[in-house]
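Single-letter residue listing:
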Amino acid sequence: PPGGGALDMCNYACDIDLYHEWAKIIAGIPTSFDYERKYHCMAVIRRFKNSYMHSHEEILKKWGHLIVHHEKTPPLHQATMGDYSYIARAKELEKLFDLQSSIQLKN
């Protein structure tokens, strides 16, 4: 996702806090930090008009250990970014593809 969501995904993928680092830069505090990507990160969206095979509760029960954030999209952005989003991370990319398929599987 564009905007803050992209920064959030970088934070989740690397276990870092880019917001904190940016605040230090703005405050004139010298900063340097090392990081590595520890996880793959993926955003998956749903649209309320669609009928999905698995409910939100089922998704959280099955995939909650990989989902690091989920929320309803603000109305202003729903037309372009979907109605509801999940952000997940995993060390194995295949797990995220399985999660994506499960979340977006329609009836």
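In this convention, every chain numbers its residues from 1, walking through the sequence in written order. Local features are withheld for residues below a pLDDT of 70 in this predicted model, meaning they are given only at 70 or higher, and side-chain atom pairs are given and counted only at 80 or more; totals for whole chains, interfaces and linings count all residues. The side-chain numbers reported here are obtained from all heavy atoms of the structure, hydrogens and water having been left aside.

Chemist: Kindly report on the pairing of strand β3 (residues 84-90), identifying the contributing residues and their values.
Modeler: Here the term buried applies to any residue with accessible area under 20% of the maximum for its type, exposed to any over 50%, and partly exposed to those in between, with areas from a 1.4 Å probe on protein chains only. By definition, any uninterrupted DSSP run of H or I lasting at least four residues is a helix, any uninterrupted run of E lasting at least two residues is a strand, and each is numbered from the N terminus. Most of β3 sits inside the fold, with six of its seven residues counted as buried. Pairing of strand β1 (residues 40-46) with β3, which is carried by seven bridges, proceeds in the antiparallel orientation. Bridge pairing in β3 places His40 opposite Ala90. Strand pairing is assigned whenever DSSP detects at least two bridges linking the two strands. Examined bridge by bridge, strand β2 (residues 67-72) and β3 share five bridges and lie antiparallel to one another. Looking at β3, one finds that Lys72 is bridged to Tyr84.

Chemist: Provide a residue-level description of the pattern of salt bridges, including the pertinent values.
Modeler: Salt bridge, as used here: a side-chain nitrogen of Lys or Arg that lies within 4 Å of a carboxyl oxygen of Asp or Glu. As enumerated under the stated definition, the model contains four salt bridges in all. Here Asp15 ties to Arg89 by a salt bridge, and the two come within 2.7 Å at their closest N and O atoms. Residue Asp15 is found in the loop between α1 (4-14) and α2 (18-26), and its partner Arg89 is found in strand β3; the two are separated by 74 residues along the sequence. Overall, Asp15 belongs to the partly exposed group, its relative accessible area being 41%. A salt bridge links Lys95 to Glu92, with the shortest nitrogen-to-oxygen separation between them at 3.4 Å. Salt bridges here are not isolated pairs; linked through shared partners, they connect Asp15, Lys38 and Arg89.

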